Amino acid sequence: MFHEMPVRTRRRSELVDITADIQAIVERSGVKDGLCHLFVPHTTAAITINEKADPDVRRDIGETLSKMVPEGGGYLHAEGNSDAHVKSTLVGVSAFVPVRDGDIVLGTWQAVFFCEFDGPRTRSCLVRVMNTG
Ligand code: ZN
């Protein structure tokens, strides 16, 4: 089962919790045991799984990436968003989440975050739910 999920971002750089949307897609797929593959078809966005319990963690991740890869870093790319391209590559554009008994399986403190690095925009995340039996 394949689904293209829209993701609306509101700042230039932010981590958006998309866990509930992914869970809803998995439920609609009817798959009980399998894998959920997430793919971000963008060059200035990414996906990661990390802590949701303390919202400061997602801010720390975003701010640490911005310190590592500053916006005005003297890049060649004339569009002016090379920092966002580099962050996308560092974080990565795909992830797998296990599916068990019809639910995505995450650790107690984990959530799935869409990472925006050059927003705000309407983005998409491609979700494929696979039955592995
Ligand atoms: Zn660019």
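For the structure itself, consult the block above.
The structure reproduced in this document is the subject of the present report.

Procedures and definitions
- Residues numbered from 1 in each chain as written.
- Predicted model: local features only at pLDDT ≥ 70, side-chain atom pairs only at ≥ 80, totals over all residues.
- Heavy atoms only, no water.
- Helix = DSSP H or I, 4+ residues; strand = E, 2+ residues; numbered from the N terminus.
- Rg over C-alpha atoms; globule rule 2.2 N^0.38 Å.
- Buried < 20%, exposed > 50% of the residue type's maximum accessible area, 1.4 Å probe, protein only.
- Contact = heavy atoms within 4.5 Å.
- Areas by Shrake-Rupley, 256 points an atom, 1.4 Å probe, with all protein chains shown as cover.
- Lys, Arg positive; Asp, Glu negative; His and termini not counted.
- Charge placed at Lys NZ, Arg CZ, Asp CG, Glu CD.
- Donors = N, O, S within 2.8 Å, 3.2 Å for Na, K, Ca; no water.
- Tetrahedral: all angles 85-135°; square planar, octahedral: opposite > 155°, others 65-115°.
- Pairing = 2+ DSSP bridges.

## A word on the overall build of the protein chain
Point 1. Broken down by element type, the protein chain carries three helices and eight strands.
Point 2. Counting from the amino terminus, helix and strand elements in the protein chain follow one another as β-β-α-β-β-α-α-β-β-β-β.
Point 3. A compact globule built from 133 residues would reach a C-alpha radius of gyration of about 14 Å, and the protein chain, at 15 Å, matches this within 12%.
Point 4. With respect to the principal axes defined by its C-alpha atoms, the protein chain has extents near 50 × 30 × 20 Å.
Point 5. Among the 133 residues that make up the protein chain, the fraction classed as buried is 41%.
Point 6. Across the protein chain, every contact between residues at least 6 apart in sequence was considered, and the portion connecting residues at least 24 apart equals 84%.
Point 7. Counting only carbon and sulfur atoms, one obtains 52% of the accessible surface of the protein chain, whose full area is about 7200 Å².
Point 8. In the protein chain, 15 positive and 18 negative side-chain charges are present, and the distance between their average locations comes to 3 Å.

## A look at the coordination of the zinc ion
Point 1. Around the zinc ion, the protein contributes the donor atoms H77 (NE2), E79 (OE), N81 (OD1) and H85 (NE2), which lie 1.9 to 2.2 Å from the metal centre.
Point 2. Geometry at the zinc ion is irregular, judged from the four donor atoms that bind it and their angles of 90 to 156° at the metal.
Point 3. Taken in sequence order, the residues that donate to the zinc ion follow the motif H-x1-E-x1-N-x3-H.
Point 4. With a relative accessible area of 35%, H77 lands in the partly exposed category.
Point 5. The partly exposed category is assigned to H85, whose relative accessible area is 23%.

## Remarks on the sheet that holds strand β5 (residues 94–100)
Point 1. Judged by pairing direction, the sheet is antiparallel, and its five strands sit side by side in the order β1-β8-β3-β5-β6 without closing on themselves. Strand pairing shows two members of the sheet lacking a second neighbour, β1 (2–8) and β6 (103–104), which therefore form its edges.
Point 2. By the bridge criterion, six bridges tie strand β3 (residues 34–39) to strand β8 (residues 122–131) in an arrangement that is antiparallel. Residue pairing across strands places H37 opposite R128, the latter belonging to β8.

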